[in-house]
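Coordinates in review
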Amino acid sequence: MFSATPGVRRQFAAAITCSIGCLIAGLMVGWPAPTLKKLRQPDSPVHLTPHEEAWVVNAMYYGTILSPFPSGFLINLIGRKTTLLVLAVFPTLSWILVYFSTSATMLMVARLFSGFWLGGIQTVVPLYTGEISEPHVRGIFGSFFQVSSFVGNNFSFIVAPYVTIQTMATICGFFPVLFIILFVFCPESPYYYAMKKNSKAAGKSLSWLRGDEPIMKELQTIQTSVDKELKDDETFTQKLTSIATDPANRKGFIIVETLDVMQRLCGISCMKAFSSIILPPKLGPLTTDHCTIIIGFVWMFSSLICTGLIDKAGRKPLLYASSLGIFVSMLWTGIWYYLNDNTDIDVSSFKWLPLAGFLVFGVTFSFGLGPIVKIYQGEMFPNNLKGMASALTAIIAAFASSVSTGMFPILTETIGMYANFLIFSAVGLVNFLFTYFYVIETKGKSLQEIQAELNGERPVVTQSNGDSEKAV
């Protein structure tokens, strides 16, 4: 998949350790899907109304809206690594609250804390992964965000239906502790040290990440680009204005934000949260719990496929295929629900179609729109805007997710389940067109080359195979 030089192996170790944070997020996003049904049982310690269920699910996204700006501020103040270690207190507190929960309010607060973590990692992890990785493996390591998230989803899908809520919280609460223990040994981003004018620490970090190979040329390139882009006296308002007025900043921001919003509005948040109560209750020998587990594993293995394709096929071809897959799969799912709920046509013999739609959706989402958005987030922003732009990205994404999950029960009650899936299908088509007309390809390009292209320059693109480089 990639040339396993000593440097790449070390980058892999740091990226995979960092991705444990994404696994934690996956656990937190996924546990309501198999658990909401259990909370409806007579012997449940907590009983939720349908609207309280939506509030519990959405509380995480409200937390995600609140945490990115503090996280974006901290990454430039104390570093990317230290920020993640500090934020790890929130998932720990979240699982403690889930363990002791006796009311909807406690579950909402627990989900709010999980949102603080989710917003933090969405802000920090793409930057950290992008800054420690060489161009020829940056896409692969960037896709770990999605893979690890699905691993966390699947773990919660497998464990939650068969254990008590307290047992689930105990098991899942182990992972934040594991993350802290392991991530302490990972290096800080050399870009952070370059921003702080600490060339010795930047060189030490970069040398470790490159397997003790000569790093002076790359270190000088990093320091030059940081010095060019970073303005110490730039205020928040000036940074915000530069996103709107500077053509390169504006284009990069529009690409990331539009893809991120499309990702959230295409249905992924709803399917993760409500899959166990959306699907038909029985599909042959399969229950909804079985179907949820099958969906999770298919989605996870599809995201693993992406790690082998993303730096070979490129970002845009995968986005094309992903968008078309979402469009087609959600269209037939919406049609099935319309015929089943709103007509006298008997479609019971085709009740496998919603599950098939979920599976096709997940496959195409997982090798395209899912992981690539976070990769672009780590690639598109100049050094002086990374913290703020990533924070805005996480907030906008959280808002889009909350809109999607909040509108789902409303549309289901007022129009019908089918309306949600027709909207998801339309989003896939819109994303295809946006990718074709506006998104740039970043495969094999350094962060400096990407900034040059956004500025309308024609850089000499360097393609690296891990052992040698050549200009093209």
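Residues numbered from 1 in each chain as written. Predicted model: local features only at pLDDT ≥ 70, side-chain atom pairs only at ≥ 80, totals over all residues. Heavy atoms only, no water.

Quick reminder of the rule: UniProt positions are given in the numbering used here, feature names are shortened, and annotations may be inferred rather than shown by experiment.
An unreviewed UniProt entry lists the protein chain under the name Major facilitator superfamily (MFS) profile domain-containing protein, with Bemisia tabaci as the source organism. Listed under Subcellular location (unreviewed entry) in UniProt, the entry text for the protein chain is "Cell membrane".

1. Section: the overall build of the protein chain
Quick note on the threshold: Note on conventions: DSSP H or I runs of at least 4 residues are helices, E runs of at least 2 residues are strands, and numbering of each starts at the N terminus. Here the radius of gyration uses the C-alpha set of atoms, whereas the globule reference equals 2.2 Å times the residue count to the power 0.38. Three labels apply to residues, based on accessible area from a 1.4 Å probe with only protein chains included: buried if under 20% of the type maximum, exposed if over 50%, partly exposed otherwise in between. In this analysis, two residues are considered to be in contact whenever any of their non-hydrogen atoms come within 4.5 Å of each other. Computed with the Shrake-Rupley method and a 1.4 Å probe, the accessible areas treat only the protein chains shown as cover for residues. Positive charge is attributed to Lys and Arg, negative charge to Asp and Glu, and no charge count is given to His or to the chain ends. Here the site of a charge means NZ on Lys, CZ on Arg, CG on Asp, or CD on Glu.
When helices and strands are tallied, the protein chain shows 24 helices and four strands. For 472 residues, the compact-globule estimate of 2.2 N^0.38 gives 23 Å, and the C-alpha radius of gyration of the protein chain, at 22 Å, lies within 12% of that figure. Seen through its C-alpha atoms, the protein chain measures out along the principal axes to roughly 70 × 45 × 45 Å. Looking at the protein chain residue by residue over its 472 residues, the buried ones come to 59%. Within the protein chain, contacts between residues separated by at least 24 positions form 82% of all contacts whose residues are at least 6 apart in sequence. Accessible area for the protein chain stands at about 18300 Å²; split by element, carbon and sulfur atoms hold 68% of it. For the protein chain, the separation between the mean place of its 33 positive charges and that of its 30 negative charges on side chains is 4 Å.

2. Some thoughts on the pattern of salt bridges
As a reminder, the rule being used: A side-chain nitrogen of Lys or Arg and a carboxyl oxygen of Asp or Glu constitute a salt bridge if their distance falls within 4 Å.
Under the defined criterion, the tally for this structure stands at ten salt bridges. One salt bridge in this structure joins Asp-212 and Arg-10, with 3.3 Å as the shortest N-O distance. Here Asp-212, found in the loop between helix 14 (199–209) and helix 15 (216–229), pairs with Arg-10, found in helix 1 (residues 6–18); they are 202 residues apart in sequence, far enough to count as distant. On the accessibility criterion, Asp-212 (51% relative accessible area) is exposed. With its nearest N and O atoms 2.4 Å apart, the salt bridge here joins Lys-445 to Glu-453. Here Glu-453 falls in the partly exposed class, since its relative accessible area comes to 28%. Beyond isolated ion pairs, a larger network of salt bridges with shared partners links Arg-80, Glu-131 and Lys-386.

3. Description of the nonpolar core
Where we set the bar: Throughout, nonpolar core names a set of buried Ala, Val, Leu, Ile, Met, Phe, Trp, Tyr and Cys residues whose side chains join them through atoms within 4.5 Å.
By size, the foremost hydrophobic cluster in this structure holds 109 residues, and its most contacted members are Trp-95, Trp-117, Ile-121, Leu-259, Phe-361 and Met-380. In terms of residue count, the dominant contributor to this core is helix 17 (residues 247–278) (twelve residues). Not counting chain neighbours up to four residues away, the residues in contact with Trp-117 comprise Gly-21, Ile-24, Ala-25, Met-28, Leu-84, Leu-87, Ala-88, Phe-90, Pro-91 and Phe-179. One finds Tyr-191, Ala-194, Met-195 and Ile-215 within the second-largest nonpolar core, a separate group that totals ten residues.

4. A short note on helix 4 (residues 50–66)
Test applied: Expected helix span is computed as 1.5 Å times (number of residues minus one). What is called the bend at a residue is the angle between a pair of axes, fitted to the seven residues leading up to and ending at it and to the seven starting from it.
With 17 residues, helix 4 extends 25 Å from end C-alpha to end C-alpha; this agrees with the ideal 24 Å at 1.5 Å per step. Along its length, helix 4 reaches its greatest deviation from straightness, about 30°, at Asn-58. Three or more residues of helix 4 are buried, namely Glu-53, Ala-54, Val-56, Val-57, Asn-58, Ala-59, Met-60, Tyr-61, Gly-63 and Thr-64.

5. Remarks on empty space enclosed by the protein
Remark: the empty space left among the atoms is shown by a probe the size of a water molecule rolled over them. Under the convention used in this document: Of the grid points, spaced at 1 Å and generated over the protein atoms alone, those admitting a 1.4 Å probe that cannot get out make up cavities, while open sets with protein on both sides within 12 Å along at least five of seven lines make up pockets; any residue with an atom within 4 Å of a point is treated as lining. Grid points are joined across faces, edges and corners, and a volume is the space filled by probe spheres set on the points. When residues are grouped by polarity, Ala, Val, Leu, Ile, Met, Phe, Trp, Tyr, Cys and Pro land in nonpolar, Asp, Glu, Lys and Arg in charged, and all others, Gly among them, in polar.
Following the criterion strictly, the structure yields two cavities of 30 Å³ or more and no others. The computed volume of the largest cavity comes to approximately 230 Å³. What lines the largest cavity is a set of 18 residues, and nearest its centre among them are Gln-122, Ser-149, Gln-263, Arg-264 and Lys-272. Mapped by element, the contributors of at least two residues to the lining of the largest cavity are helix 2 (20–30), helix 8 (104–132), helix 10 (144–159), helix 17 and helix 21 (369–379). Among the elements that take part in the lining of the largest cavity, helix 17 stands out by supplying five residues, more than any other. Counted by class, the lining of the largest cavity contains seven nonpolar, eight polar and three charged residues. Counted as a void, the second largest cavity has a volume near 110 Å³. As for the second largest cavity, its lining consists of 17 residues, and the residues nearest its centre are Val-125, Pro-126, Thr-129, Phe-141 and Gly-142. At the level of secondary structure, the elements contributing two or more residues to the lining of the second largest cavity comprise helix 1, helix 8, helix 9 (135–142), helix 10 and helix 21.

6. Structural notes on a nonpolar patch on the surface
As a reminder, the rule being used: Only residues whose relative accessible area exceeds 30% and that form no salt bridge are eligible for patches; like-charged ones are grouped when within 9 Å, while nonpolar side chains (Val, Leu, Ile, Met, Phe, Trp, Tyr) are grouped when within 5 Å.
On the surface, a nonpolar cluster with roughly 540 Å² of combined accessible area is contributed by Val-177, Ile-180, Ile-181, Leu-182, Val-184 and Phe-185. Mapped onto the fold, Val-177 is located in helix 12 (residues 174–183).

7. Topic: unusual backbone geometry
Backbone geometry places Lys-197, a non-glycine residue, at a positive phi of 60°. With respect to the helices, strands and loops of the structure, Lys-197 is situated in the loop between helix 13 (190–195) and helix 14. One non-glycine residue, Asp-212, lies in positive phi territory at about 65°.

8. Some details on the packing of aromatic side chains
Here the distance between the centres and the angle between the planes together describe a pair of aromatic rings. The test is simple: Here a Phe, Tyr or Trp ring, Trp counted by its six-membered ring, pairs with any other such ring whose centre lies within 6.5 Å, and the pair is stacked when the planes are under 30 degrees apart, edge-to-face when over 60, and tilted otherwise. Whether a charge sits over a ring comes down to the Lys NZ or Arg CZ being within 6 Å of the ring centre and within 35 degrees of the ring normal.
Under the criterion given, the structure shown has 28 aromatic pairs. When the centroid spacing of 5.6 Å and the interplanar angle of 75° are considered together, the rings of Trp-117 and Phe-179 count as edge-to-face. In this pair, Trp-117 sits in helix 8 while Phe-179 sits in helix 12, placing the two residues 62 residues apart along the sequence. Plain terms: the ring middles of Phe-421 and Phe-424 are 5.7 Å apart, the flat faces sit at 90° to each other, and that makes the pair edge-to-face. Of this pair, Phe-421 and Phe-424 both sit in helix 23 (residues 417–437), three residues apart, which is roughly one turn of that helix. Accessibility expressed as a relative area gives 0% for Phe-421, which makes it buried. Among the aromatic residues, those joined into a cluster by ring pairs are Trp-336, Tyr-337, Phe-358, Phe-408, Phe-421 and Phe-424. The ring of Tyr-191 is capped by Lys-386, whose NZ or CZ atom sits 4.7 Å from the centre of that ring.

9. Quick notes on the confidence of the model for the protein chain
Let me state the cut-off plainly: Scored from 0 to 100, pLDDT records how confident the predictor is in each individual residue.
With 93% of its residues at a pLDDT of 70 or more, the protein chain shows a mean pLDDT of 85. Here strand 4 (residues 469–471) stands out as the element of the protein chain with the lowest mean pLDDT, 38, in contrast to helix 6 (residues 80–87), whose mean of 96 is the highest. Segment residues 460–472: pLDDT under 50, and 27 contacts once partners within four positions in sequence are set aside and those in other chains are kept.

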